[in-house]
Number of protein chains: 2
Amino acid sequence: MNSLLKSVFRKLPNLNKFNYSRVISRSCFQQDRERNDGNRQNHYWKTSIMFGSALSGVFVYYFYIKDRHKLICSSLLDLSENGNVIGPGIFRNDLPTYTLAEVNNHSTKDTKIWVTYKEGVYDITDFIEGHPGGEQILMAAGSSVEPFWLIYGIHENPHVYEILETLRIGNLNRDDQKELSIENMNDPYAKEPRRHTALKPASVKPFNAELSPQLLCENFLTPNELFYVRNHLPVPEIDVDTYELEIEVEDKSKILTFTLDELKKFPKHTITATIMCAGNRRSEMTKVKPVKGLSWGPGAIGTAQWTGVRLRDVLKLAGVTDDEERLKHVQFEGIDFDATSKQYGASIPLWKAVDKRGDVILAYEMNGVPIPRDHGYPVRVIVPGIVGARNVKWLGKIYVSESESSSHWQQNDYKGFSPCVDWDTVDFTKSPAIQELPVISAICRPLEGDKIHVEDGFINVKGYAWSGGGQKIVRVDVTIDGGKTWQVANFDAQDSAPPPRHWAWTLWSIKIPVNNELNEVEIWAKATDSSYNTQPENFENIWNLRGVLSNAYHKVKVKLIH
Amino acid sequence: MNSLLKSVFRKLPNLNKFNYSRVISRSCFQQDRERNDGNRQNHYWKTSIMFGSALSGVFVYYFYIKDRHKLICSSLLDLSENGNVIGPGIFRNDLPTYTLAEVNNHSTKDTKIWVTYKEGVYDITDFIEGHPGGEQILMAAGSSVEPFWLIYGIHENPHVYEILETLRIGNLNRDDQKELSIENMNDPYAKEPRRHTALKPASVKPFNAELSPQLLCENFLTPNELFYVRNHLPVPEIDVDTYELEIEVEDKSKILTFTLDELKKFPKHTITATIMCAGNRRSEMTKVKPVKGLSWGPGAIGTAQWTGVRLRDVLKLAGVTDDEERLKHVQFEGIDFDATSKQYGASIPLWKAVDKRGDVILAYEMNGVPIPRDHGYPVRVIVPGIVGARNVKWLGKIYVSESESSSHWQQNDYKGFSPCVDWDTVDFTKSPAIQELPVISAICRPLEGDKIHVEDGFINVKGYAWSGGGQKIVRVDVTIDGGKTWQVANFDAQDSAPPPRHWAWTLWSIKIPVNNELNEVEIWAKATDSSYNTQPENFENIWNLRGVLSNAYHKVKVKLIH
């Protein structure tokens, strides 16, 4: 990545996706699904083109002009220091006005690339070279960026406005502006499911939310309505009567399809598994040095009973067994689409899918009821022990292949890096995609800053611990004196399955004696799993630019009331 | 355990075994092997009785008189503070003299239990109650402890002498003393294999030794002669022509036996695997607070190509397949015997043995030649990714069972504990036996205290990293400023096998720029594996009374020569 672009990127919070181009409405998607005849890829491409002109725009996350680095920086500073941050797209008397037809004519490098936002017209030509998404940006040339901001609500951010305005060259004719305004577009988030108010959003569009830790550790099985939500894109509306899951194997012409009823004919299998986002507890790592990603507390985790069919049973029917040697990966495609009509995608190593102890299931029930829309209705893959990002929701297609998924989320996200790697030096090809997660724990009660009562000389502490890869938690140690003395917590709830098929978290609690004279303590918790891996002590040495794998000791400072 | 006993135990370094009673010479074992007719257990028991009287004695690791706690402690202190540590068994004018016949008469609780050491006679009656090995001690009553000290050379220790002398009641008649002296006994270590002088012993009897780190990291495959040796007992002499491996399955009457030639008829399989002792790098943990165990540096690890037959192939013939549900463990018995004629033993979970990705093999070759005696000739089980202690050498028997091995090494050793657990509070039933090992790394060059040349502003650092459970090392980070800045090391050698079948270590190196003004730096290394587990930072918070799982950052302080 170019360094200036990355310096701009660093200014954007909660950002973990940068594929941007044309948007496709959900209704289009629905029509498309219905016409699906096995030639989906080509069909989607055509659909993209068809709807592209109506909804076209440029996704301007980071506006960068290579040769104007200092100019941009100083402009931004001026704008900020003066407190006069100019909102993007407001009519400016000092600039010329262009018609939409004129803007449309600036859609190639030869003619310069223009885009619009509200009443503003912008020349982004020199920005393209440094665009992380490469040539994709050209698909959106000559029209409005607004559809993209609908998909990625995260851009409602002063830094983006500032950068955008530095590229301003004119105003858009007001009549044309109306034609492009969002009122004339479908809001892809208009039909999101209703959410429980106990879920605290980390972002609204897409919806990402967690439960408060105090509630989280009350139940071994997290109620569906209170289960953390991690959506990368709008929740698709899926008609179960027309739903089909495709299974394709590389270099085999035959594609299998299954309706939900057909899937249900495979033997039913239930597992109890914890799913966790790679960014869980990111907000603590951010305190060391800012990172990019949703600001999760310790609640981006939950445990449920997942019921469905074994992926290995389904793959067997497609001719892929545990003896397969050539093919190495299973790719999953969601039915949720991004602005380029690309599905959410991820992959896991094939061995995990076909191994009899892998317990990968195509789940259609969550805690005994059909999976709610936010969690993947009607079918989601559950890959126990593996990072949430590979547990693809709204599963539309399974593709068995030699290589792993080429998706953004597999290749350029959800990877760990050394603390020395920053946005100037990062090379995503150098780290493997996160699969199994390391051991983690969190204190759920009390919370940071709480005032807690000392009862008979003791304070009560509780929390959870979990480890990926089918490892079981074997011990949780707690200290209130910085590690001088430790105590071993009691396990309040733990699944009986032994490793390597122990998929669920452990809930723990402990009564800790406190000295009468103490007014404040910092409680630390660390877990050890059945491979005797344990948590690192501090975030400083595991810091990474994406803020994933935040599994240092959980440290909570509280005031004591005697 | 009784607290005083444990306080005594704490004084004993390098101790990791406390089964003590009668000794059986290797020649007995050989005769026994030859007579082996499938009823081996009973036969060994008879053999034990037969030779017991000739070699009887009491294994007096920890002399404890419950009611004389303070007396003993103060005596020890006096002895130590005066600098007058009295060697055990020296003739004392102030005490009466007894004949061996008299000593022999004190072999039950009713008559008091006496033992001898050299010219000393000791009453250990009150010690028995707190004896970790329970009633086994009675088998050795009324005679000399010396045969046991031959087996466990580790007792040549001032603390043991001191404790022993506090129980002193008399002298042994000099003629009788000669009869019991070690010159008249078989030294079970008399026929140990010749070892390379490059192996630095951590203990001689049994033989335990490691290679210097500088040599260790020179080869991806460790030469057999330089491979660390971890023996718990004398190396057995095994005649390959009469060697047989027994396979027994719980609740099945049929016992299978295989000669080496018969074993070799199964398909041949080679894996490259690192084997590591659970106590590797223990000497660093000891600096925080003393622990019990051999004082290993970072060299109790090695990598070899192991060739043999898959255990799953052999078990299949015994009727145990990957579909087995009732039986859960595979126990391994060595042909090496302890003083009670008990074999070395350990077990692993059955799934690991039958899983097609488990890669457990009955190895008869190490780096292309028959396994050397020190490493398990003629057959050793290799359980890749699992702690060395389960990779049983001189394999005599395999037993598939519902429960894990009842051996000392499985039940009361090789387990991890919280830093808060000491010898007064330890409960070995509360921790699982170590199987998969956590991620570890070590700096092999330079070593602590080295004076190293700065070349063109850089210093060169190299080492190894490894993780259990088939995880692959994905990154090694190195810092010389306490973690303020990190650098990513280069991988010089790494096996190509992907997880979960990546069994071998990774050799790494790095050139680190150093400031001209620095005269001393502390180099830290930490590794991250494919589950993104990483090492804990310090030993303080992972300290455990047995000093196992010593996988904190490796920190090496060196002087710089500019």
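Here the structure is shown first, and the text comes after it.
To keep things clear, this report deals only with the structure shown in the data block.

Rules used throughout
Residues numbered from 1 in each chain as written. Chains lettered and ligands numbered in written order. Predicted model: local features only at pLDDT ≥ 70, side-chain atom pairs only at ≥ 80, totals over all residues. Heavy atoms only, no water. Helix = DSSP H or I, 4+ residues; strand = E, 2+ residues; numbered from the N terminus. Buried < 20%, exposed > 50% of the residue type's maximum accessible area, 1.4 Å probe, protein only. Contact = heavy atoms within 4.5 Å. Areas by Shrake-Rupley, 256 points an atom, 1.4 Å probe, with all protein chains shown as cover. Buried area = accessible area lost by both parts, 1.4 Å probe. Salt bridge = Lys/Arg side-chain N within 4 Å of Asp/Glu carboxyl O. Polar contact = N/O pair within 3.5 Å; in protein donor to acceptor, adjacent residues only side chain to side chain. Nonpolar A, V, L, I, M, F, W, Y, C, P; charged D, E, K, R; others polar. Core = buried A, V, L, I, M, F, W, Y, C linked by side-chain atoms within 4.5 Å. Domains from an automatic or database assignment. Pairing = 2+ DSSP bridges. Patch = residues over 30% accessible without salt bridge, like charges linked within 9 Å, V, L, I, M, F, W, Y side chains within 5 Å. Lys, Arg positive; Asp, Glu negative; His and termini not counted. Charge placed at Lys NZ, Arg CZ, Asp CG, Glu CD. Least-squares fit on C-alpha atoms with pLDDT ≥ 70 in both. Phe/Tyr/Trp six-rings, centres within 6.5 Å; stacked < 30°, edge-to-face > 60°.

### Structural notes on the overall build of chain A
When helices and strands are counted, chain A shows 14 helices and 27 strands. By the burial criterion, 62% of the 562 residues in chain A qualify as buried. When contacts within chain A are restricted to residue pairs at least 6 apart in sequence, long-range pairs at least 24 apart make up 76% of them. When the accessible surface of chain A is split by element, carbon and sulfur atoms take 49% of a total near 21,300 Å².

### Brief notes about helix α7 (residues 158–165) of chain B
Within α7(B), 6 of the 8 residues are buried, leaving the element largely enclosed by the surrounding structure. Of the residues making up α7(B), those classed as buried are B:V160, B:Y161, B:E162, B:I163, B:L164 and B:E165.

### Details of the interface of chain B and chain A
Facing the 44 residues of chain B at the interface are 44 residues of chain A. Both faces considered, chain B and chain A share a buried interface measuring about 3,500 Å² in area, 47% of it formed by carbon and sulfur atoms. Run the count over chain B and chain A and you get 6 salt bridges. A salt bridge links B:K356 to A:D323, with the nearest nitrogen and oxygen atoms 2.9 Å apart. Counting every contact that joins chain B to chain A gives 24 residue pairs in polar contact (both at pLDDT 80 or more). Broken down by secondary-structure element, the contributors of at least two residues to the side of chain B that touches chain A are α13 (350–354), β22 (473–479) and β23 (487–488) of chain B. In terms of residue count, β22(B) provides more of the side of chain B that touches chain A than any other element does, 3 residues in total. Of the residues that constitute the side of chain B that touches chain A, the class distribution is 20 nonpolar, 13 polar and 11 charged.

### A look at the nonpolar core
Counting residues in each nonpolar core, the largest one holds 70 residues, and the members touching the most others are A:L315, A:F332, A:L362, A:L395 and A:I398. In terms of domain composition, this core takes at least three residues from each of domain 2 (200–429) and domain 3 (440–561) of chain A. Beyond its immediate chain neighbours, meaning those up to four positions away, A:I398 contacts A:L245, A:E246, A:I247, A:E248, A:L311, A:L315, A:V330, A:Q331, A:F332 and A:L362. Membership of the second largest hydrophobic core comes to 66 residues, among which are B:F266, B:F332, B:W409 and B:I434.

### Section: the sheet that holds strand β7 (residues 208–210) of chain B
Strand pairing in a sheet is mediated by backbone hydrogen bonds. Such pairs are either parallel or antiparallel. Residues and elements named next belong to chain B. The 3 strands lie next to each other as β6-β7-β8, forming an open sheet whose pairing is antiparallel. The two strands at the open ends of the sheet, each matched to only one other strand, are β6 (200–203) and β8 (229–230). Summarising the sheet, β6 and β7 pair through 3 bridges and their orientation is antiparallel. Directly across from S203, in β7, lies its bridge partner N208.

### So, a negative patch on the surface
Residue and element names in this part refer to chain A. Taken together, the side chains of D239, D241, E244, D261 and E262 define an acidic patch exposed on the protein surface. Relative to the helices and strands, D261 is located in helix α10 (residues 260–263). Residue D261 is classed as exposed on the basis of its relative accessible area of 57%.

### With respect to the side chain of A:R546
All names here are of chain A. Looking at the secondary structure, you find R546 in the loop between β26 (520–529) and β27 (554–561). Residue R546 is classed as buried on the basis of its relative accessible area, which comes to 2%. Within the local environment of R546, its side chain forms a polar contact with the backbone oxygen of K292, the two atoms lying 2.3 Å apart. For R546, the side chain forms a polar contact with the side chain of D413, separated by 2.6 Å.

### Looking at the relation of the copies chain B and chain A
Between the two chain copies there is a screw-like relation: a rotation about an axis and a shift along it. For the pair chain B and chain A, the best superposition has an RMSD of 0.3 Å and corresponds to a rotation of 180° with a translation of 0.0 Å parallel to the axis. The symmetry that links the two subunits is that of a two-fold axis. Considering only C-alpha atoms, the part of chain B nearest the rotation axis is B:P536, at 2.3 Å.

### Overview of the sheet that holds strand β5 (residues 168–172) of chain B
On the basis of which strands lie adjacent, the open sheet formed by 5 strands has the order β1-β5-β4-β3-β2 (chain B) and mixed pairing. Only two strands of the sheet have a single partner each, and these edge strands are β1 (97–98) and β2 (107–108) of chain B.

### Details of the packing of aromatic side chains
Pairs of aromatic rings are described using the distance from one ring centre to the other and the angle between the two planes. Residue and element names in this part refer to chain B. Under the criterion given, the structure shown has 22 aromatic pairs over all chains. Relative to W296, the ring of Y228 lies with its centre 6.1 Å away and its plane at 85°, an arrangement referred to as edge-to-face. With Y228 in the loop between α9 (213–216) and β8 and W296 in the loop between α11 (282–286) and β12 (301–310), this pair connects stretches of sequence that are 68 residues apart. On the basis of relative accessibility, which here comes to 5%, the residue Y228 falls in the buried class. Residue classification places W296 among the buried positions, given a relative accessible area of 0%.

### Remarks on unusual backbone geometry
Most of the time, phi is negative for any residue but glycine, and the peptide bond is trans. The omega torsion across B:K205 and B:P206 is 0°, close enough to zero to call that bond cis. Here B:P206 lies in the loop between β6 and β7. Residue B:R445 is joined to B:P446 through a cis peptide bond whose omega torsion reads -5°. The topology assignment puts B:P446 in the loop between β19 (440–445) and β20 (451–453). A positive phi angle, close to 55°, is found at A:D456, a residue other than glycine. Within the secondary structure, A:D456 is located in the loop between β20 (451–453) and β21 (458–466). Residue classification places A:D456 among the exposed positions, given a relative accessible area of 77%.

### Here we look at the pattern of salt bridges
Residue and element names in this part refer to chain B. Enumeration according to the criterion identifies 52 salt bridges over all chains in this entry. Measuring nitrogen to oxygen at the nearest pair gives 3.9 Å for the salt bridge that ties K191 to E237. One end of the pair, K191, is in the loop between α8 (174–180) and β6; the other, E237, is in the loop between β8 and β9 (245–249), and 46 residues separate them in sequence. Classification of E237 by relative accessible area gives partly exposed; the value is 30%. Between K397 and E248 there is a salt bridge whose closest N-O contact spans 2.6 Å. With K397 in strand β18 (residues 395–401) and E248 in strand β9, this residue pair connects regions lying 149 residues apart in the sequence.

### A few points about the side chain of A:Q535
On the secondary structure map, A:Q535 appears in the loop between β26 and β27. At a separation of 3.1 Å, a polar atom in the side chain of A:Q535 contacts the main-chain carbonyl oxygen of A:A552. With sequence-adjacent residues up to four places away left out, A:Q535 is seen in contact with A:R281, A:V439, A:I440, A:S441, A:A525, A:K526, A:A527, A:N551, A:A552, A:Y553, A:H554 and B:P536.

### Notes on the pairing of strand β11 (residues 268–276) of chain B
Residue and element names in this part refer to chain B. In terms of burial, β11 is largely enclosed, as 7 of its 9 residues are buried. Sheet topology note: the β11/β12 ladder contains 9 bridges and is antiparallel. The residue bridging T272 from the neighbouring strand is Q305, located in β12.

### Looking at the pairing of strand β15 (residues 361–366) of chain B
All names here are of chain B. Counting buried positions along β15 yields 6 of 6 residues, so the element is predominantly enclosed. Pairing geometry for β15 and strand β17 (residues 380–382), over 3 bridges, is antiparallel. By the bridge assignment for β17, I361 is matched with I382. Relative to strand β16 (residues 369–370), β15 runs antiparallel, the two sharing 2 bridges. Following the sheet pairing, M366 is matched in β16 by V369.

These values are about where atoms sit, not about what they do.
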